[in-house]
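A structural walkthrough
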Amino acid sequence: MVERPASAVKELVENALDAGASRIEVTVADGGKTLIRVRDDGCGIPADALPLALARHATSKIDGSDLLNIHTFGFRGEALPSLGAVGRLRITSRVAGEAATEIAVNGGRMEPVRPAALSPGTQVELRDLFYATPARLKFLRTDRAEAQAVTDIVKRLAMAEPHVGFTLRDATGGGEGRVVFRADPESGDMFDALHGRLATVLGREFADNAIPVDAEREGLRMTGYAALPTYSRGAAVAQFLFVNGRPVRDKLLTGALRAAYMDVLSRDRHPAAAIFVSCDPVLVDVNVHPAKSEVRFRDPGTARGLVVTGLRHALAGAGH
Ligand code: ADP
Ligand code: MG
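Scope of this entry: the structure provided in the associated data block. Fair warning: this is a prediction, and the values are worked out from it, not measured in the lab.

1. Re the site of ligand 1
Near ligand 1 lie 15 residues; those nearest to it are Asn15, Asp40, Gly77, Ala79 and Leu80. When ligand 1 is considered free in solution it has 530 Å² of accessible area, and contact with the protein chains removes 81% of it. Among the elements of the structure, helix 1 (5–18), helix 2 (50–62) and helix 4 (79–86) are those that each provide at least two residues to the shell around ligand 1. When grouped by side-chain class, the residues that make up the shell around ligand 1 number seven nonpolar, four polar and four charged.

Here it is in structure tokens:
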């Protein structure tokens, strides 16, 4: 499940978000191959729960019947155990009003819980990813490419959570590291906050040329911002798509986005947009391929129609 540094970062940041963090700091070194550190100010993990957070994978491996549960409940409870199996993992955590503690796992072997020092929240540090499995290490791309993938996923997660502050540092060579990306927490309602976050992630020029989108069709809702045709890019790097708050790269949605702009944008240009589709979870399967972030709508035609007409309507309203 942990294929590369970016997928580890995604799991750890999602845990921080689940913990109600308002600020999340990510630090990587050597493209995340030697160090991935995620620090949050969320609820923390109580000392007696630290071993539990790491134990489930071991249980599922020994007791075959648990494999069924993994299947039934998707991939829940698998991130930390699988990270502990592929690198040197250290979790330091503190619940407000309690003392900080930490636990380390090396090559799947858990050390005892020890006292530590930390302000409330959690810090998860993963060092030397795949050090015990050189075959998997070999499949990683260059430090630069892996670092780019980390930056990409942090930006996508930051776009999905405008009220949360994000900092990404590159600590290659040691030290605190150089800030690669920084987004301060945005305030206001969802549209205001998203507009502010858009300016941080995609630039002021994009934010100034983006129109709000809000449409609904048969239980699916689309919200977000889309660029005016006068602002577009040659590469598809400025497309941020989310389904029920999760970043996705979905052919159906990307195709719908393109189709909506077909008449107003030349062929080699890609519309920039941050689009959120939300619906009752029964109307979409987001676990088709967790690593590739593909989704399957129960009614693909409705999803496509929503995006195409919703965007065209917004563009027409803006005179295009
Ligand atoms: P899952 O997120 O599916 O529950 P994980 O393996 O990712 O599984 O995490 C295991 C558990 O460890 C979580 O359910 C949560 O209780 C705890 N946990 C992990 N990361 C954090 C964090 N940053 N803050 C608070 N609790 C955390
Ligand atoms: Mg998790």
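There is more to say, and it comes next.
2. Re the nonpolar core
Judged by nonpolar contacts, the single largest core of 58 residues is most densely connected at Val9, Val13, Ile24, Val26, Ile91, Met159 and Phe166. Residue-level mapping places this core at the junction of two domains, with at least three residues from each of domain 1 (5–183) and domain 2 (190–317). Ignoring any residue separated from it by four or fewer positions in sequence, one finds methionine 159 in contact with Leu194, Arg197, Leu198, Val201, Leu202, Phe240, Phe242, Ala274 and Phe276. Counting 33 residues, the second largest nonpolar core, distinct from the first, contains Leu257, Val277, Cys279 and Leu283.

3. Here's the deal with helix 9 (residues 251–261)
An α-helical turn contains 3.6 residues, so any two residues separated by three or four positions project in the same direction. All of the buried residues in helix 9 are Leu253, Ala256, Leu257, Ala259, Ala260 and Tyr261. At the N-terminal end of helix 9, a side-chain oxygen is found 3.3 Å from the backbone nitrogen of leucine 252, two or three residues along, and the residue is aspartate 250.

4. Describing the packing of helix 9 against helix 10 (residues 300–317)
Direction vectors running N to C along helix 9 and helix 10 enclose 35°, while the axes themselves pass 8 Å from each other. As for the relative orientation of helix 9 and helix 10, their crossing is right-handed in sense. Contact residues: Leu252, Leu253, Gly255, Ala256, Leu257, Ala259, Ala260 and Tyr261 in helix 9; Pro300, Ala303, Arg304, Val307, Val308, Leu311, Arg312 and Leu315 in helix 10. Grouping the amino acids of the contact of helix 9 with helix 10 by side-chain chemistry returns 13 nonpolar, one polar and two charged.

5. Observations concerning the sheet that holds strand 10 (residues 210–217)
A sheet is described by the order of its strands in space; here five strands give the open sequence 10-11-16-13-14, paired in mixed fashion. Two strands bound the open sheet, and with one partner strand each, they are strand 10 and strand 14 (246–248). Going across the sheet, the axis of each strand differs from the next one's by a mean of 20°, ignoring polarity.

6. As for the pattern of salt bridges
Tallied over the full model, the rule gives 16 salt bridges. Across the pair glutamate 125 and arginine 127 runs a salt bridge, and its minimum N-O distance is 3.2 Å. A relative accessible area of 13% means that glutamate 125 is categorised as buried. Overall, arginine 127 belongs to the partly exposed group, its relative accessible area being 35%. Two residues, arginine 249 and aspartate 152, come together in a salt bridge whose shortest N-O distance is 2.7 Å. Within this pair, whereas arginine 249 is found in the loop between strand 14 and helix 9, its partner aspartate 152 is found in helix 6 (residues 143–160), the two being separated by 97 residues in sequence. Under the relative-accessibility criterion, aspartate 152 is labelled partly exposed at 23%. Here the salt bridges do not stand alone but share partners, grouping Glu25, Arg169 and Glu176 into one network.

About the criteria used
Residues numbered from 1 in each chain as written. Chains lettered and ligands numbered in written order. Predicted model: local features only at pLDDT ≥ 70, side-chain atom pairs only at ≥ 80, totals over all residues. Heavy atoms only, no water. Near = heavy atom within 4 Å. Areas by Shrake-Rupley, 256 points an atom, 1.4 Å probe, with all protein chains shown as cover. Helix = DSSP H or I, 4+ residues; strand = E, 2+ residues; numbered from the N terminus. Nonpolar A, V, L, I, M, F, W, Y, C, P; charged D, E, K, R; others polar. Core = buried A, V, L, I, M, F, W, Y, C linked by side-chain atoms within 4.5 Å. Buried < 20%, exposed > 50% of the residue type's maximum accessible area, 1.4 Å probe, protein only. Domains from an automatic or database assignment. Contact = heavy atoms within 4.5 Å. Polar contact = N/O pair within 3.5 Å; in protein donor to acceptor, adjacent residues only side chain to side chain. Axes fitted to C-alpha atoms, helices over the stretch in contact; angles between N-to-C directions. Left-handed = near helix turned anticlockwise from the far one by under 90°. Pairing = 2+ DSSP bridges. Salt bridge = Lys/Arg side-chain N within 4 Å of Asp/Glu carboxyl O.

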